Amino acid sequence: DIRGGGAKRNLPHFDDLVFLGASVSRYPLEGYRETCNTKVTLGTRFAKKPIELDIPITIAGMSFGALSGQAKEALGRGASAAGTSTTTGDGGMTPEERGHSSKLIYQYLPSRYGMNPDDLRKADAIEVVVGQGAKPGGGGMLLGQKISDRVAEMRTLPKGIDQRSACRHPDWTGPDDLEIKLLELREITNWEVPIYVKVGATRPYYDTALAVKSGADVVVLDGMQGGTAATQDVFIEHVGIPILAAIRPAVRALQDLGVHREVQLVVSGGIRNGADVAKAMALGADAVAIGTAALIALGDNDPKWESEYQ
């Protein structure tokens, strides 16, 4: 069976963690006197132009085809207003998202759909996708009814026909080959923009270590709660591990290699609210990415928001 969204069954989550408030052993801060800075910088390892965000909450990659041009524009507008970044997803870069995203990450995927070197050079960072949380190690599906004339043209596909996305990139099979690919991307962009490596949460310690070995500036770790446009039901429900269990092994790998905070860690998959963000960062992440939560926000048509943006 093919379906979209994330896992429907209950999984261990950030609700199982609590914060320890201040008392004697930890002196409390006074919020009206002492400021809290939410800025974060991603890509400080090799890139000449790291990405500076006002908040540590980014918009995850969601493909054009799964999302409309209007949705891409809305996400770009919202992210720019909040001072953070968006990500293209599969299917290439649209003028809507580049035109309205102050900071745009270009995903380089196994499918190569919509891959355009000119668009790649327009990006503020590149994210090489090894896998994603909803389907690590498995390809995806773009249903035929989503392949409009414009999507078909961008992806060089026949209109209205189901299209499978590849399960792995044809240009590399391991960290040594991946290192060569990352060097190619750095040469294309003159070593200016950060390069992320995104992995699905399966063996987070080893995958994070190998992403660092390949030369990544940022590691993106996606838990099994992550959504998808469409893939096999058995993948969504039974493959991968929850993000709660994946963060600490990934952080430990960075610490063992002596690059924690030098190579930034972005986690995604099931981030629902500010408490989840704070807990993920307390566990050692530098930032988070949200996808489904942002799409839910797109459906909020309360008149008060309309009046604020008129």
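Notes on the structure in this doc start here. (Residues numbered from 1 in each chain as written. Predicted model: local features only at pLDDT ≥ 70, side-chain atom pairs only at ≥ 80, totals over all residues. Heavy atoms only, no water.)

1. Some thoughts on a nonpolar patch on the surface
Here is step 1: Nonpolar side chains collect at one region of the surface, where Phe46, Leu183 and Trp191 lie side by side and expose about 260 Å² of accessible area between them.
Here is step 2: If you trace the backbone, Phe46 turns up in the loop between strand 2 (40–42) and strand 3 (51–53).
Here is step 3: Looking at Phe46, the relative accessible area reads 37%, which means it is partly exposed. (Patch = residues over 30% accessible without salt bridge, like charges linked within 9 Å, V, L, I, M, F, W, Y side chains within 5 Å. Areas by Shrake-Rupley, 256 points an atom, 1.4 Å probe, with all protein chains shown as cover. Salt bridge = Lys/Arg side-chain N within 4 Å of Asp/Glu carboxyl O. Helix = DSSP H or I, 4+ residues; strand = E, 2+ residues; numbered from the N terminus. Buried < 20%, exposed > 50% of the residue type's maximum accessible area, 1.4 Å probe, protein only.)

2. Quick look at the packing of aromatic side chains
Here is step 1: Applying the stated criterion across every chain yields a total of 2 aromatic pairs.
Here is step 2: Consider the rings of Phe46 and Trp191, whose centres lie 6.4 Å apart with planes at 90°: the pair is edge-to-face. Residue Phe46 is found in the loop between strand 2 and strand 3, and its partner Trp191 is found in the loop between helix 5 (175–188) and strand 10 (195–200); the two are separated by 145 residues along the sequence.
Here is step 3: Between Tyr205 and Tyr206, the ring centres sit 5.4 Å apart and the planes meet at 80°, which makes this aromatic pair edge-to-face.
Here is step 4: A relative accessible area of 58% places Tyr206 in the exposed class. (Phe/Tyr/Trp six-rings, centres within 6.5 Å; stacked < 30°, edge-to-face > 60°.)

3. As for the pattern of salt bridges
Here is step 1: Counting across every chain of the model gives 22 salt bridges.
Here is step 2: For Lys213, the salt bridge goes to Asp176, with nearest N and O atoms at 2.7 Å. You can see Lys213 sitting in helix 6 (residues 204–214) and its partner Asp176 sitting in helix 5, a full 37 residues away along the chain.
Here is step 3: In this structure, the salt-bridge partner of Arg272 is Asp276, at a minimum N-O distance of 2.8 Å.

4. Description of the sheet that holds strand 7 (residues 125–129)
Here is step 1: Read from one edge to the other, the open sheet built from 8 strands follows the order 4-14-13-11-10-7-6-5, with strand pairing classed as parallel. Strands with a single pairing partner mark the edges of an open sheet, and in this sheet they are strand 4 (57–59) and strand 5 (86–87).
Here is step 2: By the bridge criterion, 2 bridges tie strand 5 to strand 6 (residues 104–108) in an arrangement that is parallel. Within strand 6, the residue paired with Thr87 across the bridge is Ile105. (Pairing = 2+ DSSP bridges.)

5. Considering the pairing of strand 10
Here is step 1: Counting buried positions along strand 10 gives 6 out of 6 residues, so the element sits mostly inside the fold.
Here is step 2: By the alternation rule, side chains of strand 10 split into Ile195, Val197 and Val199 and Tyr196, Lys198 and Gly200, which are all buried.
Here is step 3: In terms of strand pairing, strand 7 meets strand 10 through 4 bridges, oriented parallel. Bridging from a neighbouring strand, Val129 pairs with Lys198 of strand 10.

6. Quick word on the nonpolar core
Here is step 1: In this structure, Phe14, Ile126, Val128, Leu221, Ile247, Leu265 and Val267 are the most contacted members of the largest nonpolar core, which totals 48 residues.
Here is step 2: For this core, the leading source of residues is helix 8 (residues 243–256), giving 7 residues.
Here is step 3: Here Ile126 is in contact with Ile105, Tyr106, Tyr108, Leu120, Leu185, Thr189, Val193, Pro194, Ile195 and Tyr196, once residues within four sequence places are set aside.
Here is step 4: Counting residues in each nonpolar core, the second largest holds 13 residues, with Leu42, Ala60, Val218 and Val220 among its members. (Core = buried A, V, L, I, M, F, W, Y, C linked by side-chain atoms within 4.5 Å. Contact = heavy atoms within 4.5 Å.)

7. Remarks on the packing of helix 5 against helix 6
Here is step 1: Packing of helix 5 against helix 6 brings their axes to within 8 Å, and their N-to-C directions diverge by 45°. Viewed along their axes, helix 5 and helix 6 adopt a mutual orientation that is oblique. Our pair here, helix 5 against helix 6, has a crossing hand that is right-handed. Taken together, the residues of helix 6 that come into contact with helix 5 (itself represented by Pro175, Asp176, Leu178, Glu179 and Leu182) are Leu210, Lys213 and Ser214. (Axes fitted to C-alpha atoms, helices over the stretch in contact; angles between N-to-C directions. Parallel < 35°, antiparallel > 145°, perpendicular 65-115°, else oblique. Left-handed = near helix turned anticlockwise from the far one by under 90°.)

8. Re unusual backbone geometry
Here is step 1: Positive phi is not limited to glycine here, since Thr156 has a value of about 55°.
Here is step 2: By the element assignment, Thr156 lies in the loop between helix 4 (149–155) and strand 9 (163–164).
Here is step 3: Despite not being glycine, Arg261 shows a phi value in the positive range, around 80°.
Here is step 4: For Arg261, the position within the fold is in the loop between helix 8 and strand 13 (264–268).

9. Considering the environment of Asp177
Here is step 1: You can see Asp177 is positioned in helix 5.
Here is step 2: Considered as a pair, Asp177 and Ser214 are 37 residues apart in the sequence and their alpha carbons are 8.2 Å apart.

10. What to know about the side chain of Thr87
Here is step 1: Turning to its location among the elements, Thr87 is positioned in strand 5.
Here is step 2: In this structure the side chain of Thr87 is engaged in a polar contact, spanning 2.8 Å, whose partner is the backbone oxygen of Ile59.
Here is step 3: For Thr87, the residues in contact, after removing those within four places along its chain, are Ile59, Ala60, Gly61, Met62, Lys72, Glu97, Leu104, Ile105, Gln107 and Glu127. (Polar contact = N/O pair within 3.5 Å; in protein donor to acceptor, adjacent residues only side chain to side chain.)

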